[in-house]
Every structure is written in structure tokens, then in C-alpha cells.
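Working through the structure, step by step
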Amino acid sequence: MAIVKEEHFGIARKIVSNMTAESWETIPHAVVTYEADVTELFNEVKKLNADCTDKEKKITINTVMLKILCEGLKAAPKMNTHLFFNRKLVRGRLVYFDHIDISMPMILPSGEMMTVNMHDMGNKTLTEMTAAINDTARRARGSDMNEVMFEVSLDNTLNGLKEGKLLQAIRRLYGSKTGKHKVKTLGGKAKKDYYSIPTTERLTKHDIEQGTTTISNLGSVYREQKGFCALLEIIPPQTTAFAINSAQKRAVVVTDENGNDKVEPRLIMPITIAIDHRALDYGDIVPLMRRFDEIFADPSVVQSWK
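Cut-offs applied
Residues numbered from 1 in each chain as written. Predicted model: local features only at pLDDT ≥ 70, side-chain atom pairs only at ≥ 80, totals over all residues. Heavy atoms only, no water. Helix = DSSP H or I, 4+ residues; strand = E, 2+ residues; numbered from the N terminus. Buried < 20%, exposed > 50% of the residue type's maximum accessible area, 1.4 Å probe, protein only. Contact = heavy atoms within 4.5 Å. Phe/Tyr/Trp six-rings, centres within 6.5 Å; stacked < 30°, edge-to-face > 60°. Patch = residues over 30% accessible without salt bridge, like charges linked within 9 Å, V, L, I, M, F, W, Y side chains within 5 Å. Areas by Shrake-Rupley, 256 points an atom, 1.4 Å probe, with all protein chains shown as cover. Salt bridge = Lys/Arg side-chain N within 4 Å of Asp/Glu carboxyl O. Polar contact = N/O pair within 3.5 Å; in protein donor to acceptor, adjacent residues only side chain to side chain.

**A word on the overall build of the protein**
- When helices and strands are tallied, the protein shows 10 helices and nine strands.
- Every one of the 306 residues in the protein was classed for burial, and the buried ones make up 40%.
- In the protein, of all internal contacts separated by at least 6 residues, the share reaching a separation of at least 24 is 70%.

**Quick look at the environment of arginine 141**
- Along the chain, arginine 141 turns up in helix α4 (residues 126-141).
- Judged by relative accessible area, arginine 141 falls into the exposed class, the value being 56%.
- For the pair formed by arginine 141 and proline 109, sequence separation is 32 residues and the distance between their alpha carbons is 6.7 Å.

**Examining the environment of serine 216**
- Following the sequence through the fold, serine 216 ends up in strand β6 (residues 213-217).
- Classification of serine 216 by relative accessible area gives buried; the value is 15%.
- Serine 216 sits 55 residues away from isoleucine 271 along the chain, and the two C-alpha atoms are 10.0 Å apart.
- Beyond its immediate stretch of four places on either side in the chain, serine 216 contacts Pro105, Phe242, Ala243 and Ile244.

**Considering the packing of aromatic side chains**
- What the rule picks out here adds up to four aromatic pairs.
- Considering the side-chain rings of tyrosine 34 and phenylalanine 292, the 5.2 Å spacing of their centres and the 70 degrees angle between planes classify their relative orientation as edge-to-face. You can see tyrosine 34 sitting in strand β1 (residues 29-37) and its partner phenylalanine 292 sitting in helix α10 (residues 286-297), a full 258 residues away along the chain.
- Look at tyrosine 194 and tyrosine 195: their rings are 5.2 Å apart centre to centre, the planes differ by 85 degrees, and that puts the pair in the edge-to-face class.
- In this structure an aromatic cluster arises from ring pairing among Tyr34, Phe292 and Phe296.

**Regarding a nonpolar patch on the surface**
- Taken together, the side chains of Ile107, Met113, Val221 and Tyr222 present a nonpolar region at the surface, about 410 Å² in accessible area.
- Mapped onto the fold, methionine 113 is located in strand β5 (residues 113-118).
- By relative accessible area, which is 44% here, methionine 113 ends up partly exposed.

**Things to note about the side chain of threonine 81**
- Mapped onto the fold, threonine 81 is located in strand β2 (residues 81-86).
- Classification of threonine 81 as buried rests on a relative accessible area of 0%.
- Reaching out from threonine 81, the side chain makes a polar contact with the backbone oxygen of lysine 78 at a distance of 2.8 Å.
- Among the polar contacts made by the side chain of threonine 81, one reaches the side chain of threonine 239 at a distance of 2.8 Å.
- Look past the residues within four positions of threonine 81 in its chain and what remains in contact with it is Leu94, Val95, Tyr96, Phe97, Thr212, Pro237, Gln238 and Thr239.

Written out as C-alpha cells, the structure is:
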């Protein structure tokens with residue numbers, strides 16, 4: 001067997017690898033899938049954009065689904081929390097938030113995937129959410145992602161030092177600053193020039209710090225997807241993670257106005273919901289799913305969110 005290629009992890013892959021490894025090492029995952037009938041919702045999204053001539057201002061189904069998830073989290077605030085648990089002492093606490101910050105994976109112009117923090121999305125209108133997402137994408141195009149991620153990694157390491165994690169800090173610094181695995185960051189004039197760019201034109205660690213929950217839109221990555229995401233990582237200290245899958249035609253049993261059942265083609269968009277079972281039980285998901293039921297039964301409500 002011949003080795004064709006050897007690829008050393010860059011800082012983005014290092015961060016993802018470290019966070020996902022910690023997720024599976026520490027979190028007992030439990031997963032539910034909600035099958036949303038989005039047949040009428042798609043028609044409502046078309047109405048939202050009926051008078052829109054600016055492509056940048058178009059409200060996408062992705063943005064609408066983010067808003068729906070935010071509405072669900074408002075109904076189930078326990079799902080928008082951070083957990084701090086000490087297994088040795090068997091002590092835990094949940095931190096609740098009055099805002100919803102969405103950690104959202106985004107594909108960069110380079111083709112790399114990066115998770116950005118869309119701040120306070122729960123209180124934004126659909127128009128404001130669209131503008132925020134577009135602005136983040138614009139600033140990402142003018143950013144040196146190695147610099148941004150190194151800022152976050154360094155900040156995380158320093159916080160670890162404050163918590164007494166000296167050995168972890170030494171290992172991380174050694175792993176990122178030596179040999180073939182050295183993380184390449186800017187220096188000298190290049191660094192000075194880069195940091196002279198206003199923060200309104202580039203991403204900072206504030207844009208990729210951890211949110212209150214994570215929402216991945218798998219359907220936007222591969223619209224031809226069949227089936228749904230069966231499992232996804234919860235990134236600690238978050239207690240939930242969501243995956244929005246692609247809309248797919250299904251044969252569904254529906255009840256007509258006379259109470260008769262019939263089978264007809266419908267657009268179904270599965271939503272994968274992962275919870276940290278240390279903090280949440282299946283019953284804690286019910287308020288979110290009931291809110292989903294209300295919205296998908298009468299999707300015209302999205303017009304009031306514009």
C-alpha cells in the first residue's frame with residue numbers, strides 16, 4: 001500500500017478536532033428528528049420576496065428556518081443553555097440566556113468550513129437576520145482566517161491557564177508552534193497592516209466565539225440530500241445542536257376538511273435535534289416541538305416576522 005498524500009491539520013481543523021473530540025468524550029448525546037411539512041412554508045417565503053429586486057436582501061428559506069428554530073427555543077428556554085458539570089464532585093449548573101446566539105457553520109470562499117457566531121438572532125426580524133448573515137459573509141471574505149482562529153485559540157488557552165490547566169496550555173502551545181504542525185500566522189508589517197483594517201471590514205474573535213446553541217444547515221450544502229442527519233456533535237458547554245436537512249418530497253397521509261385521510265406528495269424538511277442528556281430529557285424538547293407544530297400548521301405567521 002502506497003501513501004498518496006500526507007496532510008497536516010491547519011488551525012481550523014485543529015480547533016474542530018479538539019472541540020468535537022471533547023464533545024464525544026464528555027457528552028451523552030440523545031437525538032430526536034422532527035419532520036416539518038414545509039409545503040405551505042415555501043409558498044410563504046416566495047411571498048416574502050415578492051417585491052424584492054435586490055438579491056442581497058432576499059430572505060432565504062435558510063434564514064426563515066433559523067428564525068423558526070429561534071421561536072422554538074424561546075418556547076423551550078432550557079434548550080438555550082450552557083452546562084457546567086463536575087463529574088468528580090457530581091455538581092452541575094445550567095446557565096440560561098436572555099438572547100439566542102447561533103453558532104452557524106459557513107463555507108468560506110476558500111472552500112473551508114468555519115463556524116461563526118450570529119449574535120442575538122432571536123430578537124432580529126427576518127430582514128435584520130438576512131443583513132447580519134450577509135455582513136458576516138462579506139467580512140469573512142476580507143479576513144485572514146488563520147489570524148482570527150489563532151486569536152480564539154489563544155484566548156481559550158489563556159482562559160484554561162486561569163482555570164489551572166497549565167499542562168494543557170503547554171501542550172497546545174507546543175503543538176501549534178513547532179515542527180510541521182506549526183500554525184502559520186502573520187508577522188511584522190503584514191500583521192500590522194492586517195490589524196489596521198477596521199473591524200467593520202473583517203471578522204474578529206467576537207464573530208467566532210461560542211454561541212448559545214449550534215445550527216447546521218446541511219440542506220444548503222447538498223440540496224439533493226436524501227434522508228436526514230442521524231447524529232451531530234453538541235459543542236460544550238452548549239446543551240443542544242440542530243441540523244436543518246434538505247426539503248424532500250414524501251408521500252404523506254393528510255386529513256381533508258371532511259375528516260377523511262388521503263395520501264399526497266408533500267415537502268418534508270427533517271430537523272435533527274441533539275441534546276446533552278446530563279442537562280435535558282426528552283420532555284424538555286416538547287415545548288419546542290409544540291411551537292414548531294403551531295408554525296408549520298399556519299406558516300403565514302412568517303409574514304409578521306419580516
